[in-house]
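This is what each chain is made of:
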Amino acid sequence: MSTPAAASTPAARSRPTSSVPPAAQPGGDGQELSTSRGTSAGPRPMLHGRRPGSEQLLVTLFIVLPTLALIAAVPFAWGWGLTWTDIGLAVFFYLLCGLGVTAGFHRYFTHRAFKANRALRIALAVAGSMAFQGSIITWVADHRRHHIFTDKEGDPHSPWLFGTSAAAVARGFWHAHLGWLFEKDKTNTYRFAPDLLSDPDIRRVNRQNVGWSTLSLTMPILLGGLISWSWWGGLTAFFWAGLVRVAALHHITWSTNSICHMIGNRPFTQRDRSTNFWPLAILSMGESWHNLHHADPTCARHGVRRGQVDMTARLIWIFEKFGWAHDVRWPSTRRLARVSTVQ
Ligand SMILES: [Zn+2]
Ligand SMILES: [Zn+2]
C-alpha cells in the first residue's frame, strides 16, 4: 500500500488564520476558554502543533491493519473461523462504538444537539473513544473545523480541494476518505473545542484514549474466549469483532466525509457539496443524511423525512425517555421549511 503521508493539501499549506467567534461555531456557545492557555478574545490560529513521528506511525498502523483484515475477511469467511458468536460480538461492538461516535462525538459533543447528564456524557465519550477514530477532543475539533470551512480551504477533509477534473476528483475522494488522516498538522483544539478542554471528565477520557482503544480490542478476545471456552474462539473474535469491526466502522464513517460530499441529492442546503445518500443510512446509523445535517447542524435527527432511517436519533429518543437526555433539538416543520430547497 502506497503511503500518502507526504500528501500536502492546499488547505494545509496555506493555513488560513481567519477566526470564527466561538458563538458562531457549531455547538459553540461563546464561553471563554478556561484552560492553562488562559482566556483570550483574539483570533486563534486554525492549526496547533504537528503530530510526532511515533503518533503518526500508530495512526498508520491503525488504519492499515484493520483495512487489511477487512480485505482478508471475505476469503476467511468461507471455510473457517466465523461463528455466530463472532457475528454477534462484531455487531455488538460495531453498534457500541458506532453510536458512541454518532450520538456522542458527533451529535452531542460537536453539535450539542441535546443535553446529557454526567453519566451519559462520560459513557458516550468512552464508547466513541473505543472506535479508533482518534481522541475525543481532536475528533470534535476536526469536525467543527469541517463545518466552518465546509468544502473550502481550511476544511480538513473536503473532496473538492483539488479541482473538478477526473484526476482531481479521484485525488479528492482519496483525501476525503482517509488521505487527510495522514496530515501531520493538528487542528487547534484551543480554538475549536475550548468547551471540552474545560470539562475535567472529558479531559480525563481524552487522556485515557489509548486505554479505551486497547479495551476495544481486548474485550472481544475475552468475551469470545469465555463464550466458546477456547483460545481459538478468542482469536476469531479478535479478528471479526476487533479488527474487521474497526475497519468496517472506519470506512463507513469516512464515507460520510467522501461519498456524502460527492454522490447523492441535496434537498436541503446547497451552500456546500454535502449530500443525502440513502444506501448508507443503516450502516452509518443515520449519518448519511448528511445534506440535512449541514443545513441544520444542531438538529438531533438527520433522517427527517418519512422513511429515512436514523438509528442514532432513535437512541437519543430512548435517552430522552429515560430522562438521561433533555432539551433535545428535534426537527420542527418551521425549521425544516427554512432549510429546505424542495417544497
Ligand atoms: Zn460534511
Ligand atoms: Zn457534523
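Counting from 1, residues in each chain are numbered in the order their sequence is written. By the order in which they are written, chains take letters starting at A while ligands take numbers starting at 1. Thresholds applied to this predicted model are a pLDDT of at least 70 for local features of residues and 80 or more for the giving and counting of side-chain atom pairs; totals over whole chains, interfaces and linings are not thresholded and use all residues.

**Q** Outline the overall build of the protein, supporting the account with residue identities and numerical values.
**A** Runs of H or I in DSSP of at least four residues are treated as helices and runs of E of at least two as strands, each being numbered from the N terminus. If you tally the helices and strands in the protein, you get 14 helices and four strands. As a rule, residues whose C-beta atom has 12 or fewer other C-beta atoms within 10 Å are exposed, those with 20 or more are buried, and those in between are partly exposed; C-beta atoms are placed from the backbone. Of all 343 residues assigned to the protein, the portion counted as buried reaches 45%. Partitioning the contacts of the protein with sequence separation of at least 6, the portion at a separation of at least 24 is 70%. Residues are treated as contacting if the C-beta atoms built from their backbones sit within 7 Å of each other.

**Q** Can you tell me about the packing of helix α4 (residues 118-129) against helix α9 (residues 200-207), naming the residues and giving the values?
**A** In a packed pair of helices, the relevant descriptors are the angle between the two axes and the axis-to-axis distance. Only the stretch in contact is used when fitting a helix axis, every axis being a line fitted to C-alpha atoms; angles between N-to-C directions are given from 0 to 180 degrees. Packing of α4 against α9 brings their axes to within 10 Å, and their N-to-C directions diverge by 20°. Considered as vectors, α4 and α9 are oriented roughly parallel to each other. As for the relative orientation of α4 and α9, their crossing is right-handed in sense. Of the residues in α9, those touching α4 at Arg118, Arg121, Ile122, Ala125, Val126 and Ser129 are Asp201, Ile202 and Val205. Only Asp, Glu, Lys and Arg are considered charged, only Ala, Val, Leu, Ile, Met, Phe, Trp, Tyr, Cys and Pro nonpolar, and every remaining residue, Gly among them, polar. Looking at the contact of α4 with α9, its residues break down into five nonpolar, one polar and three charged. Oblique is the label for any angle not covered by the other classes, which are roughly parallel (under 35 degrees), roughly antiparallel (over 145) and roughly perpendicular (65 to 115). Two helices crossing with the near one rotated counterclockwise from the far one by less than a right angle form a left-handed crossing, whereas a clockwise rotation gives a right-handed crossing.

**Q** Which residues make up the environment of glutamate 287, and what are the values?
**A** Mapped onto the secondary structure, glutamate 287 falls in the loop between α11 (231-257) and α12 (290-295). Judged by C-beta crowding, with 26 C-beta atoms within 10 Å, glutamate 287 ranks as buried. Along the backbone, glutamate 287 and isoleucine 252 are 35 residues apart, and their C-alpha atoms lie at a distance of 9.4 Å.

**Q** With reference to specific residues and values, describe the nonpolar core.
**A** Each nonpolar core consists of buried Ala, Val, Leu, Ile, Met, Phe, Trp, Tyr and Cys residues. Their C-beta atoms, within 7 Å, join them into a set. Ranked by size, the top nonpolar core spans 64 residues in total, and within it Cys97, Ile136, Ile137, Val140, Leu196 and Val244 carry the most contacts. With 12 residues, α11 is the largest single contributor of residues to this core. Excluding its chain neighbours within four sequence positions, the residues that come into contact with leucine 196 are Phe109, Ile136, Ile137, Val140 and Ile202.

**Q** Which residues make up the confidence of the model for the protein, and what are the values?
**A** You can read pLDDT as the predictor saying how much it trusts each residue, on a scale of 0 to 100. Across the protein, the average pLDDT comes to 85, with 85% of residues at 70 or higher. Confidence over residues 1-40 falls short of pLDDT 50; this stretch has 66 contacts with residues more than four positions distant or in other chains.

**Q** Outline helix α10 (residues 209-228), supporting the account with residue identities and numerical values.
**A** Working rule for helices: expected span equals 1.5 Å times residues minus one. Relative to the 28 Å expected for 20 residues at 1.5 Å per residue, α10 spans 29 Å between its end C-alpha atoms, a close match to the ideal helical length. At leucine 217, α10 shows its largest kink, close to 25°, and the proline proline 220 lies no more than four residues downstream. Here the buried face of α10 lies against α3 (84-110), α4 and α11. Directly after α10, the chain includes tryptophan 229, whose backbone phi takes a positive value near 50°. Consider a residue and the seven residues that end there alongside the seven that start there; fitting an axis to each set, the bend is the angle between those axes.

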